[in-house]
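# Breakdown of the fold
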Number of protein chains: 2
Amino acid sequence: MKEIYHCFWVKAPPEDVYRAVVDKSGLSGWWTRSLEVNGKAGSVSTFRFKSGAFNRMKVRSLKPGKVEWECVDGHEEWIGTHITFDFRRDGNRTKVCFSHYGFKNQSEYVGECSFHWANYLVSLQEYCETGQGKPDQGK
Amino acid sequence: MKEIYHCFWVKAPPEDVYRAVVDKSGLSGWWTRSLEVNGKAGSVSTFRFKSGAFNRMKVRSLKPGKVEWECVDGHEEWIGTHITFDFRRDGNRTKVCFSHYGFKNQSEYVGECSFHWANYLVSLQEYCETGQGKPDQGK
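The present account deals with the structure reproduced in this document. Here the structure is a predicted model, which means the values were calculated and not measured.

A complete count under the given rule lists two disulfides over all chains for this structure. Paired by a disulfide, Cys7(A) and Cys97(A) hold their sulfur atoms 2.3 Å apart. Disulfide Cys7(A)-Cys97(A): the torsion about the S-S bond is 110 degrees, which places it as right-handed. Linking Cys7(A) in strand β1 (residues 3-10) with Cys97(A) in strand β7 (residues 93-101), this pair joins segments that are 90 residues apart in sequence. Relative accessible area serves as the criterion here: at 1%, Cys7(A) is assigned to the buried category. The thiol of Cys71(B) is not disulfide-bonded; the next cysteine sulfur, from Cys113(B), is found 10 Å away. Taking the relative accessible area as the measure of exposure, Cys71(B) reaches 1% and is therefore buried. You can see Cys128(B) has no disulfide; the closest cysteine sulfur is in Cys97(B), sitting 15 Å from it. By relative accessible area, which is 14% here, Cys128(B) ends up buried.

Least-squares fitting of chain A to chain B yields an RMSD of 0.0 Å, with the superposition described by an axial translation of 0.0 Å and a rotation of 180 degrees. Both copies are brought into coincidence by an operation consistent with a two-fold rotation axis. Using C-alpha coordinates, one finds that chain A approaches the rotation axis most closely at Ala118(A), a distance of 3.1 Å. The fraction of interface residues of chain A whose copies in chain B are also interface residues reaches 100%, indicating that both copies meet through the same surface.

Right, let's talk about the packing of aromatic side chains for a bit. All names here are of chain A. Taken as a whole and assessed by the stated rule, the structure comprises 28 aromatic pairs over all chains. Seen in terms of ring centroids, Phe49 and Tyr120 are 6.3 Å apart; in terms of plane orientation they differ by 55 degrees. Their pairing is tilted. In this pair, Phe49 sits in the loop between β3 (44-48) and β4 (54-63) while Tyr120 sits in helix α3 (residues 108-130), placing the two residues 71 residues apart along the sequence. Judged by its relative accessible area of 18%, Tyr120 falls in the buried class. Pairwise contacts between aromatic rings join Trp30, Trp31, Phe47, Phe49, Trp69, Trp78, Phe85, Phe98, Trp117 and Tyr120 into one cluster.

Let's shift gears to the interface of chain A and chain B. Taken residue by residue, the interface counts 22 residues in chain A and 23 residues in chain B. Carbon and sulfur atoms make up 59% of the surface buried where chain A meets chain B, a total of about 1,900 Å² over both sides. At the junction of chain A and chain B, the tally comes to six salt bridges. For Glu108(B), the salt bridge goes to Arg88(A), with nearest N and O atoms at 3.0 Å.

Before going further, it helps to examine the sheet that holds strand β2 (residues 34-36) of chain A. All names here are of chain A. Taking strand neighbours across the sheet as the criterion, the seven strands line up as β1-β7-β6-β5-β4-β3-β2 in an open arrangement whose pairing is antiparallel. Of all the strands in the sheet, just β1 and β2 have a single pairing partner and so form its edges. In this sheet, neighbouring strand axes are inclined to one another by 20 degrees on average, regardless of whether the strands run parallel or antiparallel. In the sheet, β2 pairs with β3 via three bridges, with the strands oriented antiparallel. Following the sheet pairing, Leu35 is matched in β3 by Phe47.

Next up on the list: the sheet that holds strand β5 (residues 66-74) of chain B. Residues and elements named next belong to chain B. Judged by pairing direction, the sheet is antiparallel, and its seven strands sit side by side in the order β1-β7-β6-β5-β4-β3-β2 without closing on themselves. For this open sheet the edge positions go to β1 (3-10) and β2 (34-36), each flanked by a neighbour on one side alone. Adjacent strand axes in the sheet meet at a mean angle of 20 degrees, parallel and antiparallel pairs treated alike. As paired strands, β1 and strand β7 (residues 93-101) are joined by eight bridges and run antiparallel to one another. The partner of Ile4 across the bridge, within β7, is His100.

Here is what the cut-offs are and how they apply
- Residues numbered from 1 in each chain as written.
- Chains lettered and ligands numbered in written order.
- Predicted model: local features only at pLDDT ≥ 70, side-chain atom pairs only at ≥ 80, totals over all residues.
- Heavy atoms only, no water.
- Disulfide = S-S within 2.5 Å.
- Helix = DSSP H or I, 4+ residues; strand = E, 2+ residues; numbered from the N terminus.
- Buried < 20%, exposed > 50% of the residue type's maximum accessible area, 1.4 Å probe, protein only.
- Least-squares fit on C-alpha atoms with pLDDT ≥ 70 in both.
- Contact = heavy atoms within 4.5 Å.
- Phe/Tyr/Trp six-rings, centres within 6.5 Å; stacked < 30°, edge-to-face > 60°.
- Buried area = accessible area lost by both parts, 1.4 Å probe.
- Salt bridge = Lys/Arg side-chain N within 4 Å of Asp/Glu carboxyl O.
- Pairing = 2+ DSSP bridges.
- Axes fitted to C-alpha atoms, helices over the stretch in contact; angles between N-to-C directions.

Functional significance is not addressed by these values, which are geometric in nature.
See below:
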């Protein structure tokens, strides 16, 4: 598998989920407390984790229904990969599809990332629904 | 994406994780409370969920390091797909790689299954580590 793909629903409007993956305060509420984000298209955000891992994401696209990042630094298997969040209103919920693609190798490492992403996406879901996610404490 | 692939570690010996995906008592502790399982190779297990969903899994392979099922009934996109659990001792933990493959179509439905599986695998992890998972209550 060279692509990670998770879809789920959030009991919140698409605008709230969008802000949670674009704004610094949102991202620090569910992904990591240690981050540099200016929230503009073309900018590069930095995310640091307690384990010592970090990544730098170039914001490739910011549209109400879609956010796209390209990883420009971090774990060597991440560099050059793309991450997209798609949002769609579905009744009084938002359907979110998350994709992380462009891995060069099919490996257990990608399987680990898939599992970790799902856990962070549960955190995103909880953050949007209750205001309380479970972000990494950062470094 | 036509394959779901998650890897993670469990702080328990491989034998414990193996039993949790083979024995009826194990499966009812993390996947669903409503199940018919005899735990033998070649047998067909049935799993029912609160939502009304169900599936029937033929046990294709039972080895200490690998369990394989083939879905023989249930959601039409699941029929004919295969599920494998691979276990490997890694120090005092077990590395588990889970795969669900053979989907005919790349769809949001597979993305939903990927997200749901990750949640159940967290439940498997908690069940093996603490004796307490979060299984579906079944039907």
